[in-house]
Amino acid sequence: MPITTTRRRLLAGSAAALALPAFARAQGAVKPRLTAISQWSAGSDGAAITALGKRFEEKGGIWQHSPVPGFTTEMMNKLRAQIIAGDPPACSQLKGPEIAAWSKIAPTVDLDAVVAAAGYEKVVAPDLAKLHRPAGKWIALPLQIYSTNMLFLSKRAMDKAKADKIPVTWAEFNDLAEKMKSGGVAYPVANGGTRPDDGQKFEAALAGISPLAYRAAIMNLEKKALEGPEIKAAFVQVRKIADWMDPNVGAQHFSTNLKRFVDGDMGMMIMGGWAQGVLRNAGFKFEDFVIAPGPSDNGKPVFLLNADAFIFWQRKEADLQAGQTLMAQLVMDPAIQTMYSQITGSIPVRTDVDLSGEGWSDGQRRTAAALKDAIASNQAVLSLAHNMAQENGMTAAMIDVITEYVKNKTIKPEQAATRLADAVESAR
Amino acid sequence: MVRRLPEYLTIWVPLLLSAAHLIAFSLWTIWISFTPSTLVPVTGWVGLRNYSAVAASRNWQIALDNLLLFGSAFVLLSLATGLILAILLDQRIRGENVLRSIFLYPLAVSFVVTGTVWSWLLNPGLGIQKLVHDLGWTSFRFDWLIDRDMAIWTIVIAAIWQSSGFAMALFLAGLRSVDADLIKAAQIDGAGPVRMYRRVILPTLWPITITVIVIQLQFAISTFDLVRALTNGGPGIATQLPALVVYDLMFQRSLLGRGAAAAVLMLLILLVVLLPYAAWRYVQRRRAIHA
């Protein structure tokens, strides 16, 4: 029975491919293949995932990445269509509580063995790890971390304000903004006009005023915290920020104004660490700007966590399964995380990566240090504006209130606080 | 019968297929709107809960207000602009073909392009306002795009630019089909040009007017890409329109049930426009038969 033998050999080969991809590849039994979708198509994000794909190919794999440009939700639409059609990608971008929500609609891969083999568990922040094993088993792997409340300072705007001290608290931030204004900086706060942009202003304000209130109100949706004084104080701070922003941005992306920021026409930018990658990719130098943790009234850094991750969807094909194992190993590899973060401006998920070497910026070193401090003082919280704290429906309901408040200056802070609490109630 | 089979096939197969698609997906959407579906469609029954949630949401209320304002302003203004253009073109002027193409051309541009171009033109920091400032008139203000009370008018402006050429083309065809004897008779009776239009020509145009109104209204109700590219519902949520809310619920918030409910509500609004039109057409036809 020559046919049976071949089939049996093939099966054995696939099994080996699952257990030991490197060995199986040497045998040539099955070539690992990965179908992946993500929103990363251009700029530093596109460059980083392309580099990851190159490494995948160097290890003998076939890399089939289909980027879906735009916001994360657009990528999700494609993912939803593929899942409903019964043809999910072997691996897709997904993050935060959405991992738990989506894992209920299609079977995912149990990554416990490969995670244990890499010893990954010990080097990931516990809060973050929890999001990636919603039902106890690892089904997704975080790839890189950003803080959404980094403070970018324009060197030229600092010169105009004759200031050189990085503001630590919101009061110092407000002082510096005033100094910039009188020093001739047209708009002390650089901004875009998108929904996450407005959301980031609010989460940075609230978490900076009180990380405890942030955790209770935004992450745990406690009614008492949502009606607390910290929410109102955060809205007061957001109004100050809004008054310093350029109202003309309409619905533009923050990156539209980066040149004006570097030129000192705009002073400070509250943005995720990814702005470093965008700035560098646009040809600006590290000398043009300073990156520091966002304002925190108790002086200790507050870290608003945003982590990109890959979730792995169950596939029957042996080559895709081998590809998933290879991909998982690559994503957890410190060298790969280093390569990835150096392109995008994020920091590695692994807390054991040394950032003192060449290729890292001061901003990234500060971000990594801030994360360590924030974890130690329990001030690392999950970002609302970037869908880490709540599922999309709840997030959108809250951002509605925030974005309207930023754009409509006739809404009073206490009104906004009431509306936020109402929005949460009706979205529950 | 057999000889004409290919003809029947070419007409009926596509017609039945598209009708089946339309009806099947409409029914499917209506069904989903009564289920607790979120990320993916699921079975189950929640009654009118999705509808009450949509109707109570601020986004939907703002969208309805905007639809009323945008719909009426856009239809009336594009009608007026189209009619004026058509009458002016009808004066046997030189280069009519060129002008007609120019006025019709915006229709060939996709709404996303229209929205994007106008979003730059209307942006006070980049477009018209900046141009006038640079020319020296620094107190000039034209910042409707970022003014939440006026932003909806920027959509009216862009929509009129896009589609008044369409109204013009229909009106021009109507003007050209007015019976020449009628015009001559009026001339012999000594009617001047203004009187001629008011009393003789325009009254013959009203069936075309109704057609234009209905087509523009259904466009207004389903407007999506234009707003998305121009203001994306902003500033804040000031320029929400029903189609944006549907998209937002279904694909941004992953609330399929509520999104479907909003879509069904949109369908009902469309019926409010289309049913009277169908009734009117029916009456017209009956009259034509009896006459």
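Our subject is the structure listed above.
**Concerning the overall build of chain A**
From N to C terminus, chain A includes 20 helices and eleven strands. Against the globule reference of 22 Å for 428 residues, chain A gives a C-alpha radius of gyration of 23 Å, in line with a compact fold. Its C-alpha atoms put chain A at 85 × 50 × 40 Å along the principal axes. Classification of the 428 residues of chain A by burial places 59% in the buried group. Taking the intrachain contacts of chain A between residues at least 6 apart in sequence as the baseline, contacts between residues at least 24 apart amount to 76%. Surface exposure of chain A reaches about 16,800 Å², of which carbon and sulfur atoms provide 55%.

**Focus on the overall build of chain B**
Secondary structure assignment for chain B yields 13 helices and zero strands. Each helix and strand of chain B, ordered N terminal to C terminal, gives the series α-α-α-α-α-α-α-α-α-α-α-α-α. Taking the principal axes of its C-alpha atoms as reference, chain B extends roughly 75 × 75 × 35 Å. Across the 291 residues in chain B, those meeting the buried criterion constitute 42%. The contacts of chain B with a sequence gap of at least 6 include a subset with a gap of at least 24, amounting to 68%. Total accessible area computed for chain B in this model is approximately 16,300 Å², and 69% of it derives from carbon and sulfur atoms.

**Things to note about helix α4 (residues 72–84) of chain A**
Think of an α-helix as turning once every 3.6 residues; residues three or four places apart then point the same way. Between its terminal C-alpha atoms α4(A) stretches 18 Å, which fits the 18 Å expected from 13 residues at 1.5 Å a residue. Of all the positions in α4(A), only A:Thr72, A:Thr73, A:Met75, A:Met76, A:Asn77, A:Leu79, A:Arg80, A:Gln82 and A:Ile83 are classed as buried. Structurally, α4(A) contributes buried residues whose contacts are with β1 (33–38), β3 (91–93), α5 (98–103) and α19 (392–407) of chain A together with α12 (242–252) of chain B. Positive backbone phi, approximately 75 degrees, marks A:Gly86, located one or two places after α4(A).

**Points about the interface of chain B and chain A**
Chain B puts 27 residues into the contact, and the matching count from chain A is 28 residues. Across the interface of chain B and chain A, roughly 2,100 Å² is buried in total on both sides, 52% from carbon and sulfur atoms. A per-residue breakdown of the area chain B buries against chain A is headed by B:Leu39, B:Arg148 and B:Arg253, which together make up 27% of the total. Among the salt bridges present, the one from B:Arg253 reaches A:Asp400, with a minimum N-O distance of 2.9 Å.

**Concerning the pattern of salt bridges**
Inspection of every chain in the model, using the stated rule, returns 29 salt bridges over all chains. For A:Arg350, the salt bridge goes to A:Asp352, with nearest N and O atoms at 3.1 Å. Note on A:Arg350: relative accessible area 11%, which makes it buried. The structure contains a network of salt bridges with shared partners spanning A:Arg195, A:Asp400, B:Asp248 and B:Arg253.

**Comments concerning helix α10 (residues 206–221) of chain B**
Taking 1.5 Å of rise per residue, the 16 residues of α10(B) would be expected to cover 22 Å, and the 22 Å separating its terminal C-alpha atoms lies within 8% of that figure. Close packing links the buried residues of α10(B) with α3 (58–89), α5 (111–122), α7 (151–176) and α13 (256–290) of chain B.

**Section: unusual backbone geometry**
Of note in this structure, A:Lys162 is not a glycine but carries a positive phi near 50 degrees. Following the sequence through the fold, A:Lys162 ends up in the loop between α8 (155–161) and α9 (170–182). Non-glycine residue B:Ser254 carries a positive phi angle of around 55 degrees. Considering the arrangement of structural elements, one finds B:Ser254 in the loop between α12 and α13. On the basis of relative accessibility, which here comes to 6%, the residue B:Ser254 falls in the buried class.

**Digging into the nonpolar core**
Grouped together as the largest cluster of nonpolar side chains are 110 residues, with contacts concentrated most on A:Leu141, A:Phe202, A:Phe310 and A:Met327. B:Leu67, B:Phe140, B:Leu226 and B:Leu241 belong to the second-largest nonpolar core, a separate cluster that totals 28 residues.

**Topic: the environment of B:Tyr197**
Residues and elements named next belong to chain B. Assignment of secondary structure puts Tyr197 in helix α9 (residues 193–201). Given a relative accessible area of 15%, Tyr197 falls into the buried group. Sequence separation between Tyr197 and Leu175 is 22 residues; the distance between their C-alpha atoms is 9.7 Å. Ignoring any residue separated from it by four or fewer positions in sequence, one finds Tyr197 in contact with Ile87, Asp90, Gln91, Leu175, Leu202 and Pro203. A distance of 2.9 Å separates a polar atom in the side chain of Tyr197 from a polar atom in the side chain of Gln91.

**Concerning empty space enclosed by the protein**
Residues and elements named next belong to chain A. Enumeration according to the criterion identifies one cavity of 30 Å³ or more in this entry. For the largest cavity, the calculated volume is near 50 Å³. Taken together, Ile145, Tyr146, Ser147, Met150, Gly273, Gln276, Ile291, Gly345, Ser346, Ile347 and Thr367 make up the full set of residues lining the largest cavity. With three residues, strand β4 (residues 140–147) is the largest single contributor of residues to the lining of the largest cavity. Here the residues of the lining of the largest cavity are counted per class, giving five nonpolar, six polar and no charged.

**What about the packing of aromatic side chains?**
Residue and element names in this part refer to chain B. Going through the model one piece at a time under the given rule, you end up with 23 aromatic pairs over all chains. Taking 5.0 Å as the distance between ring centres and 55 degrees as the angle between the ring planes, the aromatic pair formed by Trp137 and Phe140 counts as tilted. With a centroid separation of 5.5 Å and 50 degrees between ring planes, the pair formed by Tyr247 and Phe251 is classed as tilted. Residue Tyr247 and its partner Phe251 are located together in helix α12, separated by four residues, close to a single helical turn. Overall, the relative accessible area of 16% leaves Tyr247 in the buried class.

**Points about the pairing of β4(A)**
All names here are of chain A. Across the eight residues of β4, eight count as buried, placing the element largely inside the fold. Sheet analysis places β4 next to strand β9 (residues 303–312), joined by seven bridges and oriented antiparallel. Across the sheet, residue Pro142 finds its bridge partner in β9, namely Ala309. Strand direction decides the pairing type here: β4 and strand β10 (residues 347–348), joined by two bridges, are antiparallel.

Cut-offs used in this document
- Residues numbered from 1 in each chain as written.
- Chains lettered and ligands numbered in written order.
- Predicted model: local features only at pLDDT ≥ 70, side-chain atom pairs only at ≥ 80, totals over all residues.
- Heavy atoms only, no water.
- Helix = DSSP H or I, 4+ residues; strand = E, 2+ residues; numbered from the N terminus.
- Rg over C-alpha atoms; globule rule 2.2 N^0.38 Å.
- Buried < 20%, exposed > 50% of the residue type's maximum accessible area, 1.4 Å probe, protein only.
- Contact = heavy atoms within 4.5 Å.
- Areas by Shrake-Rupley, 256 points an atom, 1.4 Å probe, with all protein chains shown as cover.
- Expected span 1.5 Å × (residues − 1).
- Buried area = accessible area lost by both parts, 1.4 Å probe.
- Salt bridge = Lys/Arg side-chain N within 4 Å of Asp/Glu carboxyl O.
- Core = buried A, V, L, I, M, F, W, Y, C linked by side-chain atoms within 4.5 Å.
- Polar contact = N/O pair within 3.5 Å; in protein donor to acceptor, adjacent residues only side chain to side chain.
- 1 Å grid on protein atoms, 1.4 Å probe; cavity = no way out; pocket = protein on both sides within 12 Å on 5 of 7 lines; lining within 4 Å.
- Points joined across faces, edges and corners; volume = space filled by probe spheres on them.
- Nonpolar A, V, L, I, M, F, W, Y, C, P; charged D, E, K, R; others polar.
- Phe/Tyr/Trp six-rings, centres within 6.5 Å; stacked < 30°, edge-to-face > 60°.
- Pairing = 2+ DSSP bridges.

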